[in-house]
There are 2 protein chains.
Amino acid sequence: METLKVSAKSEPKSVAGAIAAIVRTGEPVEMQAIGAAAVNQAVKSIAVARGYVAPNGIDLVSIPSFSQLEVDGNEKTSIRFLVEKR
Amino acid sequence: METLKVSAKSEPKSVAGAIAAIVRTGEPVEMQAIGAAAVNQAVKSIAVARGYVAPNGIDLVSIPSFSQLEVDGNEKTSIRFLVEKR
């Protein structure tokens, strides 16, 4: 599954475009975000992507979960979003 | 539909308990969050709530969207999460 890393500086419209492109192929997408600002951008991206794929008759849902990632040797808790067709 | 307002200070376990209680009755829940810190707490709450209701055979999904709210006379963009059974 494709994983999109979302940061505080990610542009929601760009991430949404990437989500839409993958979801239109019928595949789910995974997103990972560390920190409140990145999680916020990830959520905005999903909201925007819903609008991008709605004309294709796709109703996107998201499933958030916690995930442990190692970043520069440190254990970090990230939020993982599974985004897929309902 | 019940609306839970989530702030930066909301405790994810408490919000998750409220989500779980409503979802177990078969109803969807709406959450509203303004700002990155509140959105982050809302997402964590959904992730925790998924674990609370999984033993009941409920698979929760979330649908984020943008929503305009008036707060103290000012127009604010909030994130609205619809949380429901898949």
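Residues numbered from 1 in each chain as written. Chains lettered and ligands numbered in written order. Predicted model: local features only at pLDDT ≥ 70, side-chain atom pairs only at ≥ 80, totals over all residues. Heavy atoms only, no water.

**Some thoughts on the overall build of chain A**
(1) Moving on: Along the backbone of chain A there are 2 helices and 4 strands.
(2) Moving on: Each helix and strand of chain A, ordered N terminal to C terminal, gives the series β-α-β-α-β-β.
(3) Moving on: Relative to the compact-globule value of 12 Å for 86 residues, chain A shows a C-alpha radius of gyration of 13 Å, a close match.
(4) Moving on: C-alpha atoms of chain A, sized along the principal axes, occupy 40 × 20 × 15 Å.
(5) Moving on: In chain A, the proportion of contacts linking residues at least 24 apart, taken out of those at least 6 apart, comes to 63%.
(6) Moving on: Across chain A, the 10 positively charged side chains and the 9 negatively charged ones have centroids separated by 9 Å. (Helix = DSSP H or I, 4+ residues; strand = E, 2+ residues; numbered from the N terminus. Rg over C-alpha atoms; globule rule 2.2 N^0.38 Å. Contact = heavy atoms within 4.5 Å. Lys, Arg positive; Asp, Glu negative; His and termini not counted. Charge placed at Lys NZ, Arg CZ, Asp CG, Glu CD.)

**Comments concerning the relation of the copies chain B and chain A**
(1) Moving on: It takes a turn of 180° to lay chain B on chain A, together with a shift of 0.0 Å along the axis; the resulting RMSD is 0.0 Å. Here the two chains are linked by the operation of a two-fold rotation axis. (Least-squares fit on C-alpha atoms with pLDDT ≥ 70 in both.)

**Some remarks on the packing of helix α2 (residues 36-53) of chain A against helix α2 (residues 36-53) of chain B**
(1) Moving on: For the pair α2 of chain A and α2 of chain B, interaxial distance at closest approach is 8 Å and the crossing angle is 75°. The angle between the axes of α2 of chain A and α2 of chain B places the two elements in the roughly perpendicular class. Contacts between α2 of chain A and α2 of chain B involve Ala36, Ala37, Val39, Asn40 and Val43 of chain A on the former and, on the latter, Ala36, Ala37, Val39, Asn40 and Val43 of chain B.
(2) Moving on: For the contact of α2 of chain A with α2 of chain B, the class distribution of residues is 8 nonpolar, 2 polar and no charged. (Axes fitted to C-alpha atoms, helices over the stretch in contact; angles between N-to-C directions. Parallel < 35°, antiparallel > 145°, perpendicular 65-115°, else oblique. Nonpolar A, V, L, I, M, F, W, Y, C, P; charged D, E, K, R; others polar.)

**Overview of the pattern of salt bridges**
(1) Moving on: Tallied over the entire structure, the rule returns 8 salt bridges over all chains.
(2) Moving on: In this structure, a network of salt bridges that share partners links the residues Arg50, Asp59 and Arg86 of chain A together with Glu84 of chain B. (Salt bridge = Lys/Arg side-chain N within 4 Å of Asp/Glu carboxyl O.)

**Points about the packing of helix α1 (residues 12-23) of chain B against α2 of chain B**
In a packed pair of helices, the relevant descriptors are the angle between the two axes and the axis-to-axis distance.
Residue and element names in this part refer to chain B.
(1) Moving on: Packing of α1 against α2 brings their axes to within 8 Å, and their N-to-C directions diverge by 55°. Classified by the interaxial angle, the pair formed by α1 and α2 is oblique. α1 and α2 meet at a crossing whose hand is right-handed. Across the interface between the two elements, Pro12, Lys13, Val15, Ala16, Gly17, Ile19 and Ala20 of α1 pack against Gln41, Lys44, Ser45, Ile46, Val48, Ala49, Tyr52 and Val53 of α2. (Left-handed = near helix turned anticlockwise from the far one by under 90°.)

**Details of the interface of chain B and chain A**
By a widespread convention, an interface's size corresponds to the accessible area lost as its parts come together.
(1) Moving on: Contact with chain B, which involves 21 residues of that partner, is made by 21 residues of chain A.
(2) Moving on: Carbon and sulfur atoms supply 72% of the area buried between chain B and chain A, which totals about 1,700 Å² over both sides.
(3) Moving on: For the pair chain B and chain A, the number of links is 2 salt bridges.
(4) Moving on: The salt bridge partner of Glu84 of chain B is Arg86 of chain A, with a shortest N-O separation of 2.6 Å.
(5) Moving on: Viewed at the interface, chain A and chain B are joined by 3 residue pairs in polar contact (both at pLDDT 80 or more).
(6) Moving on: Elements that contribute at least two residues to the side of chain B that touches chain A include exactly α2, β3 (60-71) and β4 (74-85) of chain B. (Buried area = accessible area lost by both parts, 1.4 Å probe. Polar contact = N/O pair within 3.5 Å; in protein donor to acceptor, adjacent residues only side chain to side chain.)

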